[in-house]
Amino acid sequence: MKVACVGGGPAGLYLSILLKRQDPSHDITVHERDPEGSTYGWGVTYWRELLDRLHEHDPESARVLDADSVRWSDGVAHVRDLTTRHHGDQGHGIGRHRLLEILAGRARDLGVRLEYEREITAGDLPSDADLVVAADGVRSALRTHRSAHFGTRLTAGRNPYIWLGTTKVFDAFTFAFVETGHGWIWFYGYGYGPDRSTCVVECAPETRAGLGLDRASEADGRALLERLFAGVLDGHPLLGRPGGTPWQTFRTLTNDTWRHGNLVLLGDAAHTTHYSIGAGTTLALEDAIALATALREHADLPQALARYERERKAALLPVQSAARYSAQWYENLPRYMDLPPERMFALLGQRHSPLLPHVPPRLYYRLDRAAGRLEPLRRFKRWLGPKVARTVHARALSSRERPMSPG
């Protein structure tokens, strides 16, 4: 099979690895528009379950990824001048640049051709390719060309955010919430290497405007953020990307279908989930695993692509629901900030719940604590939660506008 993969991110590279491992005779080329070694972002997060799956499907790259990742098992929240720490599951972080380096090196070793600074548009797709994989991200040119067929929808979130780095190395997944005269501003921080952490800053649009962050130069804006979060950064600077680091609003991408003839969507070209659940890279790699498995088990390409789409859409439903509620939790942050920090942090961990927006926070906290002790309440919560989620989802579907093309 001849495969043209457009996009050299984690999804495209890992798919090429898996397909070559399944059949070394596959002719696979990964086309990436950017130079090798250039990437956006700082670190990415993942959890033990993903690492176990990667060890199953390609032990070689999984061993290197495991060895080069940092780990944490605590979560810390700084609220005003108070701090609370909770122990949880082990998380992993790795620099995005290092992740791509690992996957690209493994793909080359297996015989995949990697063509950097090679942009492929809908008009110059390889005509002799058996399969074309659009792994070219949320702004996918291949998907945009056929957005009406795919049923593409982009929904902008409310809160602006900026993705930064810092030389402060966090020993836990760290949240910092600072109250200003213009509202709350906060960050999520996690280590991904021996001398770097990711730091994602978010606030309401009126807070950003009130603080002047919508008008400040990038350097002045970072200096202001360093002052606001000085108590957590311990004098370390915040770092931007070469070429500039803009404030953005997150765009949730969905598609009615992920395939058109021999063209299939993968990773962020097919779907996005809000960054606050830290699932983007995991979902991209799981897409690659599912597509490679479907292609191995079905000789008929349409059947393989249909199975891939069906399985991944079903797997995404609970993740997309969790991401939607997580984003809404932060958009309604003031609702929770008068709680004692340990209770606020407990509800932060419950932010994926479809019940939480409809129950007063103090009451929800008490009910959740009680539900942990009483089996009838646990059963009631399990029964009621999906019903609320389905109702909200159905209302969202009924109110959707017709598909729009990505901008």
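The rules we used
Residues numbered from 1 in each chain as written. Predicted model: local features only at pLDDT ≥ 70, side-chain atom pairs only at ≥ 80, totals over all residues. Heavy atoms only, no water. Helix = DSSP H or I, 4+ residues; strand = E, 2+ residues; numbered from the N terminus. Rg over C-alpha atoms; globule rule 2.2 N^0.38 Å. Buried < 20%, exposed > 50% of the residue type's maximum accessible area, 1.4 Å probe, protein only. Contact = heavy atoms within 4.5 Å. Areas by Shrake-Rupley, 256 points an atom, 1.4 Å probe, with all protein chains shown as cover. Lys, Arg positive; Asp, Glu negative; His and termini not counted. Charge placed at Lys NZ, Arg CZ, Asp CG, Glu CD. Axes fitted to C-alpha atoms, helices over the stretch in contact; angles between N-to-C directions. Pairing = 2+ DSSP bridges. Polar contact = N/O pair within 3.5 Å; in protein donor to acceptor, adjacent residues only side chain to side chain. pLDDT = per-residue confidence, 0-100. Core = buried A, V, L, I, M, F, W, Y, C linked by side-chain atoms within 4.5 Å. Phe/Tyr/Trp six-rings, centres within 6.5 Å; stacked < 30°, edge-to-face > 60°. Salt bridge = Lys/Arg side-chain N within 4 Å of Asp/Glu carboxyl O.

Novice: Could you give me a rundown of the overall build of the chain, with the residues and numbers involved?
Specialist: Scanning the chain for helices and strands turns up 14 helices and 15 strands. Scaling as 2.2 N^0.38, a compact globule of 407 residues should have a C-alpha radius of gyration of about 22 Å, and the chain matches this with 22 Å. Here the C-alpha coordinates of the chain stretch approximately 60 × 50 × 40 Å along the principal axes. Counting across all 407 residues of the chain, residues that qualify as buried make up 50%. Counting only contacts in the chain whose residues sit at least 6 apart along the sequence, the fraction spanning at least 24 positions is 72%. As displayed, the chain offers around 18500 Å² of accessible surface, 51% of which is attributable to carbon and sulfur atoms. Once the 52 positive and 48 negative side-chain charges of the chain are each reduced to a mean point, those two points are 7 Å apart.

Novice: Quick one: what's the story with the packing of helix α2 (residues 48–57) against helix α3 (residues 59–67), residue by residue and with numbers?
Specialist: Angle between the axes and distance between the axes: these two values describe a pair of packed helices. Taken N-terminus to C-terminus, the directions of α2 and α3 make an angle of 145 degrees; their axes are 6 Å apart at the nearest point. Taken together, the residues of α3 that come into contact with α2 (itself represented by R48, L51, L54, H55 and H57) are P59, A62, R63, L65 and D66.

Novice: Could you give me a rundown of the sheet that holds strand β1 (residues 2–6), with the residues and numbers involved?
Specialist: Ordered by their spatial adjacency, 6 strands build an open sheet running β6-β2-β1-β7-β15-β14, and the pairing between neighbours is mixed. Edge positions in the sheet fall to β6 (113–116) and β14 (259–260), since each of these pairs with one other strand and no more. Sheet topology places β1 next to strand β7 (residues 131–134); 4 bridges connect them, and they run parallel. Across the sheet, V3 pairs through a bridge with L131, a residue of β7. Lying on the sheet, helix α1 (residues 10–22) is in contact with β1, β2 (27–32), β6 and β7; it crosses β2 at an angle near 170 degrees.

Novice: How would you explain the side chain of T166 if you had to name every residue and give the values?
Specialist: Among the structural elements, T166 can be located in strand β8 (residues 153–166). Looking at T166, its side chain comes within polar contact range of the main-chain oxygen of P237, at 2.8 Å. Setting aside residues up to four positions removed in sequence, T166 forms contacts with D195, R196, S197, C199, L233, H236, P237, L238 and L239.

Novice: Quick rundown of the confidence of the model for the chain? Include the residues and the values.
Specialist: With 91% of its residues at a pLDDT of 70 or more, the chain shows a mean pLDDT of 90. Low pLDDT, under 50, characterises residues 385–407; the predicted model gives this stretch 30 contacts beyond four residues in sequence or across chains.

Novice: Any details on the nonpolar core? Residues and values, ideally.
Specialist: Formed by 61 residues in total, the largest nonpolar core has its most connected members in Y14, L15, L54, V133, L266, L291 and Y308. At 10 residues, the largest contribution of residues to this core is made by helix α10 (residues 280–297). When sequence neighbours within four positions are dropped, the list of residues in contact with L266 reads A11, G12, L15, V133, A134, A135, D287, A288, L291 and Y308. Judged by nonpolar contacts, the second largest core, of 29 residues, contains V79, V200, L333 and Y365.

Novice: Any details on the packing of aromatic side chains? Residues and values, ideally.
Specialist: By convention here, two paired aromatic rings are described through the distance between centres and the angle between planes. On inspection of all chains with the given rule, the structure shows 20 aromatic pairs. Between W47 and W72, the ring centres sit 6.3 Å apart and the planes meet at 80 degrees, which makes this aromatic pair edge-to-face. Of this pair, W47 sits in strand β3 (residues 43–47) while W72 sits in strand β4 (residues 70–79), and the two are 25 residues apart along the sequence. With a centroid separation of 6.5 Å and 75 degrees between ring planes, the pair formed by Y161 and W163 is classed as edge-to-face. Take W163: its relative accessible area is 22%, and that puts it in the partly exposed class.

Novice: Please give an account of unusual backbone geometry that cites residues and values.
Specialist: Of note in the backbone geometry, E117 takes a positive phi value of approximately 50 degrees without being a glycine. By the element assignment, E117 lies in the loop between β6 and β7. Of the residues examined, E117 reaches a relative accessible area of 60% and is grouped as exposed.

Novice: Pulling in residues and values, what's your account of the pattern of salt bridges?
Specialist: For the coordinates displayed, the defined rule picks out 27 salt bridges. With a shortest N-O distance of 2.9 Å, R108 and E36 are connected by a salt bridge. Note that R108 is positioned in helix α4 (residues 96–110) and E36 in the loop between β2 and β3, a separation of 72 residues in sequence. The residue E179 makes a salt bridge to R80 at a minimum N-O spacing of 3.0 Å. With E179 in strand β9 (residues 173–180) and R80 in the loop between β4 and β5 (82–95), the pair connects residues that are 99 residues apart, well separated along the chain. With a relative accessible area of 45%, E179 lands in the partly exposed category.

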